[in-house]
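Structure at a glance
Spelled out from the first residue to the last, the chains are:
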Amino acid sequence: MAPRKRGGRGLSFLCCCLKKSNHPEITYRLRHDSNFTLQTMEPTLPIPPTEELDAMFTELVDELDLTEKHREAMFALPAEKKWQIYCSKKKEQEENKGATSWPEFYIDQINSMAARKSLLALEKEDEEERNKTIESLKTALRTQPMRFVTRFIDLDGLTCILNFLKTMDYETTESQIHTSLIGCIKALMNNSQGRAHVLAHSESINIIAQSLATENIKTKVAVLEIMGAVCLVPGGHKKILEAMLHYQKFACERTRFQTLLNDLDKSTGRYRDEVNLKTAIMSFINAVLSQGAGETSLEFRIHLRYEFLMLGIQPVIDKLRSHENSTLDRHLDFFEMLRNEDELALAKRFENVHIDTKSATQVFDLIRKRINHTDAFPHFMSVLQHCLHMPYKRNGNTVQYWLLLDRIVQQIVLQNDKGHDPDVAPLENFDVKNVVRMLVNENEVKQWKEQAEKMRKEHNELQQKLEKKERECDAKALEKEEMMQTLNKMKEKLEKESSEHKLVKQQVADLSVRLHEMSNNKLEGTVWLDLDDLKVFKQLDLEDIEKTFSAYQRQQKESEDDTVTSKKVRELSVIDGRRAQNCNILLSKLKLSNEEIKRAILTMDEQEDLPKDMLEQLLKFVPEKSDVDLLEEHKHELERMAKADRFLYEMSRIDHYQQRLQSLYFKKKFAERIAEIKPKVEALSKASKEVLQSKNLRQLLEVVLAFGNYMNKGQRGSAYGFRVSSLNKIADTKSSIDKNVTLLHYLITILEQKYPKVSLIHEDLHDVPVAAKVNMTELEKEINNLRTGLKSVETELEYQKSQPQTYGDKFVSVVSQFITVAGFSFSEAEDSLQDAKDLFEKAVKHFGEDATRMQPDEFFGIFDQFLQAFSEAKQDNENMRRRKEEEERRARMEAQLKEQREKERKARKAKENCEEDGEFDDLVSALRSGEVFDKDLSKMKHNRKRPVKQSTESSRERPITKLNF
């Protein structure tokens, strides 16, 4: 039952006259005595005229600060009642007309107490006198006219109380004075104007929260009741969260709410049988969770509750049950029921029964299932991959990095459409600079930078050398492995060819002899047989001939002029500017000289200086014929050429440069391309064997055929088979009773009961999902490309064999060895593909399909899609079973609580006619007893009963074909 809204000032002594149609005697409460009595008040003066009485009564009602409902009720009273109320109130004011009836007196007293901070020098009577003064102020704030409260606010009395709270010493903090000061603030907030003033004060709630640091249990209870009630006031929930964040810094807590959980868990000393404090803490926690943004935001409630769960509230709640206190149990029940409702709502979002947030594996699987095949999935994987590199040392402050990441994710989840965050704890109050300062000593930053700069260059050089050696080792290891694989295959072939080789060798020897004889026969009888040019060389001046007839003549004077002006000559560039710029970028990435590049190409990159991606870029900068012609015209100006021009010129001097580069690129990519083809071919072969040999698949098809025949034409159907594509139509056939149940759900239920092994069909068809991604056209195209590439390399090898070999050119030896190994690897891949195609054709015909039209991705895609739907339907069945068990468990829990709830509801109705102190006191009282959560409790119970009832009714109506999950 929600708390009833009542008027604030002075309504308590009038509430009896507003509850009955008959007009009772006017009474008031003696507040200073706990055992108060009601006394009849008789007016001693005659009733004034009606207009004068109305004016006087209006002034009195204005001072009482009543709500509109109660104002109307007051003005509706007869004139006699109005006069009785007026006289009694004026008499009370006359009796209180002393110095203590003015706010100035109390403000001066509080300031005087604040100045005298310590209680050590005070006598016991002085301490009691001070407490009596503060208690008198609390009573005045409740009973004095509205102008007293207004005057107290205008004189900044609240600030005086707050200053006293901030500056009091330990002894005062643990005394009754502290409790009385909190009571004054509570009395002030019982008035609408006073409550608005307290909530508008910038520090009031924060200073009130600081009082939680005391060991005085009564003070803690009073503070928690105020803060819990503030959560129920519009705009108050956020102030409470800010206050708890302030208290975290004030008390040096590791996390928010840590002190509350510690007090809730204490069970020794004065806390042994202290139920009121534990009730106040639980009522405050429930108010924080269910009010403010928690009224509508599931994410916000789960976020805050997770803070409490991380602090270990659940075992504490289990321990609190031992107190067997009905009010405390009500708050504990509300916490657990609200948690169960939120967990159920969260589970419904993921179409699951229960989400174990403690299981990292289940949480990860749910996230992956939700965002898989979306644009967000790559970014999710990127976050996980980067988290692998996050620091994780047990000792140190590396946890601050994870805390920062946690706060960022929290703010993303909690902020609304306008970007506002209902919680004040995440990133906006998280000082990133402090984290950095905590992790890095600022005095060492400069030294680190200097050392890092020195080490960076050394690291880059070592890294380049290491990468170069790694590439070289990898290449050698790969070649060695390929050679070892092919040696055994080549052995037999070499033995067969040995005899042929000897025969060919003998033929070549015979041919050489015949050629020598032919050349001698050709010169025989001519003058050339008698001439010897070697004798002439001894008589000639060869240097003079070279100087006189040299193809490149340059005058001495011109060379001297060139030496003087060489520094002034600009670089020469004859190729396109953009092409030159891109070429320069490529060369800067390679970090190799022209000679090194040239040597790498001639040696077929034995030292692994040219990565595959760089070779691919080099193919884009092969010198064109127009570039070669221009460079040849300016070859005498080689020293002046720009970097890109000189590179292209040097490469153009290599015989068949483009063909060499293409051969080298093909050689480097060959193993990778073969490695991409083999898994696809193997998956195709294995999947074909699996569908041919699987007994579970055969049994499944048999059951499906029986289902189809019975559903279409009765028990003696005429169909002897069906297209495999019809398997995926099973999930489209829905039950006429429950639209969420399909024929596939029912089929799985039957299989689990009658053929349990068939439900494990995934184990038989392990390679089908991989084969479903194989495209035969692309696979054959890749094989043809490899065949063409090998042929091009063989053609270039034949050409290079026909040319004279230069020093350092290892093309023939390296490529010959590569062709031998690659030829065997390609033949093996080609044969495997043909075998896979034969197996696939056999599998397609085995199921009665047309092998000429059905491709692997289509054929195996049908089975893959069916297997996925089979798994999902199987999981749905499991979820339905769990959901039913969960609903039964909840129903049993509700049945146990039902009788107790009915008794408490009757007790609350019996108390409806009792007097209450005011609107804010109503909130505090309702929060203390748990009545403020009754509406939510009833709603939760109603929501739980409904699905149970529906499932019960539906189970009665279902026919024989129902699914028993």
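Details of the structure are given in the entry above.
Let us look at the structure shown here.

Cut-off values and rules
Chains are numbered independently. Their residues run from 1 in the order of the written sequence. The predicted origin of the model limits local features to residues at a pLDDT of at least 70 and limits the giving and counting of side-chain atom pairs to 80 or more, whereas totals for whole chains, interfaces and linings rest on all residues. With hydrogens and water stripped out, all remaining heavy atoms of the structure feed into the side-chain values. In DSSP terms, a helix is any run of H or I states spanning at least four residues, a strand is any run of E spanning at least two, and both are numbered starting from the N terminus. Buried residues are those whose accessible area, probed at 1.4 Å on protein chains only, stays under 20% of the maximum for their type, while exposed residues exceed 50% and partly exposed ones sit between those limits. Axis definition: a line fitted to C-alpha atoms, limited for helices to the stretch in contact. Angles are taken between N-to-C directions and run from 0 to 180 degrees. We call two directions roughly parallel when the angle between them is under 35 degrees, roughly antiparallel when it is over 145, roughly perpendicular when it lies between 65 and 115, and oblique otherwise. When checking whether two residues touch, look at their non-hydrogen atoms; a contact exists if any pair is within 4.5 Å. Amino acid classes used here: Ala, Val, Leu, Ile, Met, Phe, Trp, Tyr, Cys and Pro are nonpolar; Asp, Glu, Lys and Arg are charged; the rest, including Gly, are polar. By definition here, a salt bridge exists when the distance from a side-chain nitrogen of Lys or Arg to a carboxyl oxygen of Asp or Glu is within 4 Å. Whenever two N or O atoms come within 3.5 Å, that pair is a polar contact, provided that in protein one can donate a hydrogen and the other can accept it, and provided that, for residues adjacent in sequence, both atoms are side-chain atoms. The nonpolar core is taken to be a set of buried Ala, Val, Leu, Ile, Met, Phe, Trp, Tyr and Cys residues, with the residues joined through side-chain atoms within 4.5 Å. The sense of a crossing depends on the near helix, which, turned anticlockwise from the far helix by less than a right angle, makes the crossing left-handed and, turned clockwise, makes it right-handed.

Observations regarding the environment of arginine 147
Tracing the backbone through its elements, the reader meets arginine 147 in helix α6 (residues 146-154). Using a relative accessible area of 45% as the deciding quantity, one classes arginine 147 as partly exposed.

Overview of the packing of helix α16 (residues 298-310) against helix α21 (residues 399-414)
Running from amino to carboxyl end, α16 crosses α21 at an angle of 150 degrees, the nearest separation of the two axes being 9 Å. Between α16 and α21, the angle falls in the class roughly antiparallel. Between α16 and α21, the contacting residues are Glu299, Phe300 and His303 on the first element and Gln410, Val413 and Leu414 on the second. The class makeup of the residues in the contact of α16 with α21 is three nonpolar, two polar and one charged.

Focus on the pattern of salt bridges
Applying the stated criterion to the full structure yields 30 salt bridges. Here aspartate 342 makes a salt bridge to arginine 305, at a shortest N to O gap of 2.6 Å. Within this pair, whereas aspartate 342 is found in helix α18 (residues 326-349), its partner arginine 305 is found in helix α16, the two being separated by 37 residues in sequence. Taken individually, aspartate 342 and arginine 305 each receive the classification buried, so the pair is uniform in this respect. Arginine 339 serves as the salt-bridge partner of glutamate 343, at 3.0 Å between the closest nitrogen and oxygen. Taken together, the residues glutamate 343 and arginine 339, both in helix α18 and four residues apart, mark about one turn of the helix.

A few points about the side chain of aspartate 342
Given a relative accessible area of 2%, aspartate 342 falls into the buried group. Among the polar contacts made by the side chain of aspartate 342, one reaches the side chain of arginine 305 at a distance of 2.6 Å. Apart from residues lying up to four places away in sequence, aspartate 342 is in contact with Leu298, Arg301, Ile302 and Arg305.

Points about the nonpolar core
Looking at soluble globular proteins, one finds that nonpolar side chains tend to be buried together. Core analysis: the largest hydrophobic core is formed by 92 residues, its most contacted members being Phe859 and Phe860. When residues no more than four places from it in sequence are discounted, the contact partners of phenylalanine 859 are Val691, Phe840, Ala843, Val844, Phe847 and Met854. In terms of nonpolar packing, the next biggest core, distinct from the first, is built from 87 residues, Leu141, Cys231, Tyr271 and Ile285 among them.

Here's the deal with the packing of helix α15 (residues 275-290) against α18
Each packed pair of helices is defined by two parameters, the angle between the axes and the distance between the axes. Running from N to C, α15 and α18 cross one another at 30 degrees; their axes reach a closest spacing of 9 Å. Of the possible angle classes, the one that applies to α15 and α18 is roughly parallel. The handedness of the crossing between α15 and α18 is left-handed. Each of Val275, Lys278, Thr279, Met282, Ser283, Ile285, Asn286, Leu289 and Ser290 in α15 lies in contact with α18, whose residues at this interface are Thr327, Leu328, His331, Leu332, Phe334, Phe335 and Leu338. Here the contact of α15 with α18 is composed, by residue class, of nine nonpolar, six polar and one charged.

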